[in-house]
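# Breakdown of the fold
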Amino acid sequence: MSERYDIAIVGSGPAGITAAINAKIRNKKIILFGYENLSNKLYLAPRIDNYVGFHGIRGKELAEKFKAHLDEMDIEITYERPDNIYAMGDYYAIMINGKLYEATALILATGIQFGKPFRGEAEFLGRGVGYCATCDAPLYKGKTVTIIGYNKESIEEANYVSELAEKVYFVPMMKEEYSLNHNIEVIQDKPVEIVGSTKVEKLVLKNSEIQSDGIFILRDSVPPDQLVPGLLVEDAHIKVNRDMETNLEGCYAAGDVTGKPYQYLKAMGEGQVAALNAVAYLERRKLNSDGVSNPTEGK
Ligand SMILES: Cc1cc2nc3c(=O)[nH]c(=O)nc-3n(C[C@H](O)[C@H](O)[C@H](O)COP(=O)(O)OP(=O)(O)OC[C@H]3O[C@@H](n4cnc5c(N)ncnc54)[C@H](O)[C@@H]3O)c2cc1C
């Protein structure tokens, strides 16, 4: 059986790390999933003027301060990216490349991806369109796969898929340098639409077309209801109340993923509220298992 955490926090941006710090202060057993640079949006911000106490700070500098705070509190980031999270009734099952983690409460702090989905993306999701190439790579053994890559992780995924698929195209959406296996064909063009009949047939780009059996779109964050089936989403944001509770019991959300304004202090305040309410939820459940109360009492 896998080890069960009190709270799993998905996303290491300002919202996720604030949630982690507050849950740790309350002595909870936590796991924080995210990235070494914490958040691209934080790392890349050229100058921040509305972060109280740090007028004019660069995002990179602020990220370093956040990192130091996590280190001082012995909070480690697990550099893994949950692919699917399932509400199992009294806990959450977090799947990562076939591995399983369990947590009683969940905080989603995955941020949002700017930009609209491509035409056809939602229509063909699960019918050739996917968000996790390594998870589904075996389905495309001997076939043609196109990867639209927004980050460094998409390079690793493309290289892995190229070991199984017959042909891999890579459409880079990032500015940073990358190094791909020699058998991957890079297409420098702008994706426009995904086209098919019962399943994906091709990716239409501004100046070209790629015939493809599968198309993986590897952004920094995936739509939250894809990550957690059953989660209530409205206008692309997770629906929460003032306690940062979602429609799923024991599941909280914080930061850009819950809606505008997209700002650091709003994200961090929500992360704190989410963590404190997740702690209260754990306590109510404990009382319940001692036969004193039930999880929804005393809110
Ligand atoms: C260039 C730029 C400048 C900005 N300047 C300002 C400013 O001056 N002031 C201000 O207040 N705001 C500013 N912002 C907005 C600010 O960056 C966001 O509001 C803030 O980062 C939101 O924090 P968050 O934690 O909700 O999400 P994010 O910072 O987006 O962090 C979410 C993290 O979760 C990760 N993640 C997503 N899915 C998963 C998964 N399945 N598993 C693991 N990890 C996952 C993401 O990759 C990311 O690292 C700026 C944004 C940009 C892009």
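All figures in this text were calculated on a predicted structure; none of them were measured in a lab.

Definitions and limits used
- Residues numbered from 1 in each chain as written.
- Predicted model: local features only at pLDDT ≥ 70, side-chain atom pairs only at ≥ 80, totals over all residues.
- Heavy atoms only, no water.
- Helix = DSSP H or I, 4+ residues; strand = E, 2+ residues; numbered from the N terminus.
- Buried < 20%, exposed > 50% of the residue type's maximum accessible area, 1.4 Å probe, protein only.
- Domains from an automatic or database assignment.
- Contact = heavy atoms within 4.5 Å.
- Buried area = accessible area lost by both parts, 1.4 Å probe.
- Salt bridge = Lys/Arg side-chain N within 4 Å of Asp/Glu carboxyl O.
- Polar contact = N/O pair within 3.5 Å; in protein donor to acceptor, adjacent residues only side chain to side chain.
- Nonpolar A, V, L, I, M, F, W, Y, C, P; charged D, E, K, R; others polar.
- Pairing = 2+ DSSP bridges.
- Axes fitted to C-alpha atoms, helices over the stretch in contact; angles between N-to-C directions.
- 1 Å grid on protein atoms, 1.4 Å probe; cavity = no way out; pocket = protein on both sides within 12 Å on 5 of 7 lines; lining within 4 Å.
- Points joined across faces, edges and corners; volume = space filled by probe spheres on them.
- Patch = residues over 30% accessible without salt bridge, like charges linked within 9 Å, V, L, I, M, F, W, Y side chains within 5 Å.
- Areas by Shrake-Rupley, 256 points an atom, 1.4 Å probe, with all protein chains shown as cover.
- Lys, Arg positive; Asp, Glu negative; His and termini not counted.
- Charge placed at Lys NZ, Arg CZ, Asp CG, Glu CD.

With an omega of -5 degrees, the peptide bond running from K260 to P261 counts as cis. You can see P261 is positioned in the loop between β17 (251-253) and α7 (264-289). For D74, which is not glycine, the phi torsion reads 60 degrees and is therefore positive. Among the structural elements, D74 can be located in the loop between α3 (59-72) and β3 (77-78). According to the relative accessible area criterion, D74 is exposed, its value standing at 63%. The phi torsion at A236 lies on the positive side, around 70 degrees, for a residue other than glycine. Tracing the backbone shows A236 in the loop between β15 (233-234) and β16 (237-238).

Here we take up the domain arrangement of the chain. Examined at the domain level, the chain breaks down into domain 1 (5-113 + 221-290) and domain 2 (129-218). The C-alpha-based centres of domain 1 and domain 2 are spaced at 29 Å. At the interface, 7 residues of domain 1 touch 6 residues of domain 2. When domain 1 packs against domain 2, close to 550 Å² is buried across both sides, 61% of that on carbon and sulfur atoms. For the pair domain 1 and domain 2, the number of links is 0 salt bridges. Taken together, the links from domain 1 to domain 2 amount to 0 residue pairs in polar contact (both at pLDDT 80 or more). Of the residues belonging to the side of domain 1 that touches domain 2, the class tally is 3 nonpolar, 3 polar and 1 charged.

So, on to the pairing of strand β5 (residues 92-96). For β5, the buried fraction is high: 4 of the 5 residues fall into the buried class. Across 4 bridges, strand β4 (residues 84-87) lies against β5 in antiparallel orientation. Bridge pairing links A87 to Y92 in β5. Note that β5 and strand β6 (residues 99-108) share 5 bridges and pair antiparallel. Pairing of Y92 across the sheet is with A103, part of β6. Here β5 hands over to β6 after 2 residues, with N97 in that stretch at a positive phi of 45 degrees.

If you walk across this open sheet you meet the 5 strands as β7-β14-β8-β9-β10, and the pairing is parallel. Of all the strands in the sheet, the pair left with one neighbour each is β7 (129-130) and β10 (184-186). Note: strand β9 (residues 167-172) against β10, 3 bridges, orientation parallel. Counted as the bridge partner of Y169 is E185 from β10. Strand contacts of helix α5 (residues 152-161): β8 (144-149), β9, β10 and β14 (214-218), with the helix running at about 170 degrees to β8, the strand carrying the most contacts.

On to the layout of surface pockets, then. Unfilled space is identified by rolling a water-sized probe across the atoms. Of the volumes computed, that of the second largest pocket is approximately 470 Å³. Taken together, 22 residues line the second largest pocket, and the ones lying closest to its centre are Q113, G115, P117, P223 and A236. Here the lining of the second largest pocket is built from residues that sort into 12 nonpolar, 6 polar and 4 charged.

This paragraph deals with a negative patch on the surface. On the surface, a cluster of negative charge is contributed by D71, E72, D74 and E76. Tracing the sequence through the fold places E72 in helix α3. For E72, a relative accessible area of 69% corresponds to the exposed category.

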